[in-house]
Every structure is written in structure tokens, then in C-alpha cells.
Number of protein chains: 2
Amino acid sequence: MLSKKTQYALKALGYLAAKYGQGPVLISEISMKKKIPIKFLETILLELKQNGVLDSKKGKGGGYFLINHPKKTTLARAIRLVGGPIALIPCVSLNFYEKCQDCDEATCGLYKAMAQTRDATLKILEKKTLAELMDAE
Amino acid sequence: MLSKKTQYALKALGYLAAKYGQGPVLISEISMKKKIPIKFLETILLELKQNGVLDSKKGKGGGYFLINHPKKTTLARAIRLVGGPIALIPCVSLNFYEKCQDCDEATCGLYKAMAQTRDATLKILEKKTLAELMDAE
DNA sequence: CTATTAGTCCATAAACTTAGTAGGCTTTTA
DNA sequence: TAAAAGCCTACTAAGTTTATGGACTAATAG
């Protein structure tokens, strides 16, 4: 399961995607519309900024906005930035790999099953982008 | 990510799958071979028994064993029994569903993306069985 | 130049989950 | 009846997640 933080991040990004090209959006606006605790959202958006997905403007008329067109950022990227691994176990994670202490990856049945699952998941998450998160209202 | 508990469960089941039809297997044997803390493993196997996947025999010559042929139990089932949801967010979980407080599932973009991911994952995990977890040695 | 707006940053608290342990109880077999 | 082996409950320790408070900095308007 994705953490709450990751879910909030995706919702916020979806909101910003819908507002893309319309200037900065207030944290408080995102917080209200998406029902995300404002201080928590603050740290999430900051992290996304530090990771190069968002940029911000301070002062009056300020806020957060997507740097690139929504279609340029995949869900896989977004999830990894704030939420960590997409794979179900560490030894098949591409970005957060950790070796199993006890099993040999060449022969481990679990490894194979999980690697296949990871590939199927990634196939979707690397095709979908922030543009898909905009609500169809 | 799957919890350690779930990973242990899958490894233990894989071990038992390899020994299917050969009588009960000691907790201590599984613990040693799969490097799983024995007391932790004990609770996991018990849970799997209570969920109808394993059965056990007490006393000398006792131990745990699979009730059904390894091919009869899918990985999806095994994961759900000890590890909970397979879906990435609660509102798309089939077995551990929880409604989103704030979004409408008919229009939520995140819902759609995650539902699709869940389907792709399930397609694999419902086809793979404990038989696949046996190490190819 | 100063008041206001709005993001930045750090520290910490509260809640929850996970991982693992302890130890006595029950059943089975020889 | 003793040894083997699982059963079961409770507990704890640690870590993670979620969330908040408050002071600071930057930008803008007038």
C-alpha cells in the first residue's frame, strides 16, 4: 500500500496538473480542495520541489506549480520520489534495491514472481502521467 | 512493499511446497533453512493454519504441512491472508476496501490508475501458486 | 520602506505498525 | 509418563508515519 503521504502527494499533483499554466497555486487552496492537513502538505510539496517536480513562488501571488507539462511526469516517478519502492520486496526493487540475506536471486522462486509483478506494475505506472490524475468532472 | 511477516510467510510456504506429500515439517527446520526467527515463524504458521492453508500435527514426528497441493493456493491468496491488501490504495482494494473520504470514485483519476494497476498485479498473483515458490536448485 | 502574504525549515509529538520475545499450556507418541 | 512439538496469549521494543508548532525568509504592493 502507498503511504498516506504518497497518496496526498499524488492528489496534490493531480490538482496542480489541472491548474497547469495558470500560475502558482496556494498550499492552502490545495489543502482545502483535496482535504489534506496543511502542514503535512507543506512538507510534501517542499520535498517535491527539492526533487525537481515542482517550483514555487513566495509572497503575494505565490504558491506552487508544476515545472513541466503534466504529461512529462509519470506516476512511477512521482511515487518513487515521495513514497519509495514500487516493488513488493526489496530484492526486486530497481530504485531501492537491497540484497536478500539468504536467497540466491538466480534460483529463488519468490524473486521471479515478484520481479514479474513489478514489471507489470511499472508498465502501467510508467505510462500513466500526472495528466491522468486530473478529475474528470 | 510486503511486510517482513508476509515475506517470511511466502518463504515458509515455498519450503513447505517443496516438501509437499512428505509428511510434517518442523518449525525449527523451516526456521533454520529459511533464516526466519523461530518464534515469529511460529505465529505466522499458526495464522496460516487458522486460515485453512496449513495443517499441523503435534508431538513427535509432528510439524506443519500444506493441506492442498501447492498449485491450489495462489500467491494472491497467501499474501492476503497474512499481509493484507494487494492494491496500492484502500479505495481500490477488493478485499480490504475503504471508501475515500473526499473523492468520487467515478471521476477520480487516481482511482482509475490504481484500479488498473491492481488488475495487472492480480492477473499475475492469481495465476502464480506456491509451486512457483519452490527454489530451482 | 514597511506591512502583508506566502513559502521554508526545524524540531518534536502522537499514533500506529511491525518485528520479535517470553513463557506456560496442550496434544501426541513411544 | 516423559519427551517432543505445536498452541496461545501477552507483551515490549523499535521504528515509521502522520501531523503540528513556531520562528524565519523572500517577494510584492503601496
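Preceding this paragraph is the structure being described.
Residues numbered from 1 in each chain as written. Chains lettered and ligands numbered in written order. Predicted model: local features only at pLDDT ≥ 70, side-chain atom pairs only at ≥ 80, totals over all residues. Heavy atoms only, no water.

**Regarding the protein's contact with DNA strand D**
Okay, step 1: Around DNA strand D lies a shell of 26 residues, among which A:K39, B:E42, B:K49, B:S56 and B:Y64 are the nearest.
Okay, step 2: Each atom of DNA strand D within 4 Å of the protein was classed as base or backbone; sugar and phosphate made up 68%.
Okay, step 3: If you list the elements that add at least two residues to the surface near DNA strand D, you get α1 (4-18) and α3 (38-50) of chain A together with α3 (38-50), β1 (54-57) and β2 (63-66) of chain B.
Okay, step 4: For the surface near DNA strand D, the leading source of residues is α3(B), giving five residues. (Near = heavy atom within 4 Å. Helix = DSSP H or I, 4+ residues; strand = E, 2+ residues; numbered from the N terminus.)

**Points about the interface of chain B and chain A**
Okay, step 1: Taken together, the contact pairs 37 residues of chain B with 36 residues of chain A.
Okay, step 2: The interface formed by chain B and chain A contains zero salt bridges.
Okay, step 3: In this assembly, chain B and chain A are joined by five residue pairs in polar contact (both at pLDDT 80 or more).
Okay, step 4: Sorting the residues of the side of chain B that touches chain A by element identifies α1 (4-18) and α5 (109-125) of chain B as the ones contributing at least two each.
Okay, step 5: No other element matches α5(B), which puts 11 residues into the side of chain B that touches chain A.
Okay, step 6: When its residues are assigned to classes, the side of chain B that touches chain A shows 21 nonpolar, seven polar and nine charged. (Contact = heavy atoms within 4.5 Å. Salt bridge = Lys/Arg side-chain N within 4 Å of Asp/Glu carboxyl O. Polar contact = N/O pair within 3.5 Å; in protein donor to acceptor, adjacent residues only side chain to side chain. Nonpolar A, V, L, I, M, F, W, Y, C, P; charged D, E, K, R; others polar.)

**Thoughts on the relation of the copies chain B and chain A**
Okay, step 1: Rotating chain B by 180° and moving it 0.0 Å along the rotation axis overlays it on chain A with an RMSD of 0.0 Å. Classification of the inter-copy transformation places it as that of a two-fold axis. (Least-squares fit on C-alpha atoms with pLDDT ≥ 70 in both.)

**Description of the pattern of salt bridges**
It is possible for side chains of opposite charge to pair when their charged atoms get near one another.
Residue and element names in this part refer to chain B.
Okay, step 1: Counting across every chain of the model gives 10 salt bridges over all chains.
Okay, step 2: With its nearest N and O atoms 2.8 Å apart, the salt bridge here joins E47 to K5. Of the two residues, E47 sits in helix α3 while K5 sits in helix α1, which places them 42 residues apart along the sequence.
Okay, step 3: You can call K5 partly exposed: its relative accessible area is 24%. (Buried < 20%, exposed > 50% of the residue type's maximum accessible area, 1.4 Å probe, protein only.)

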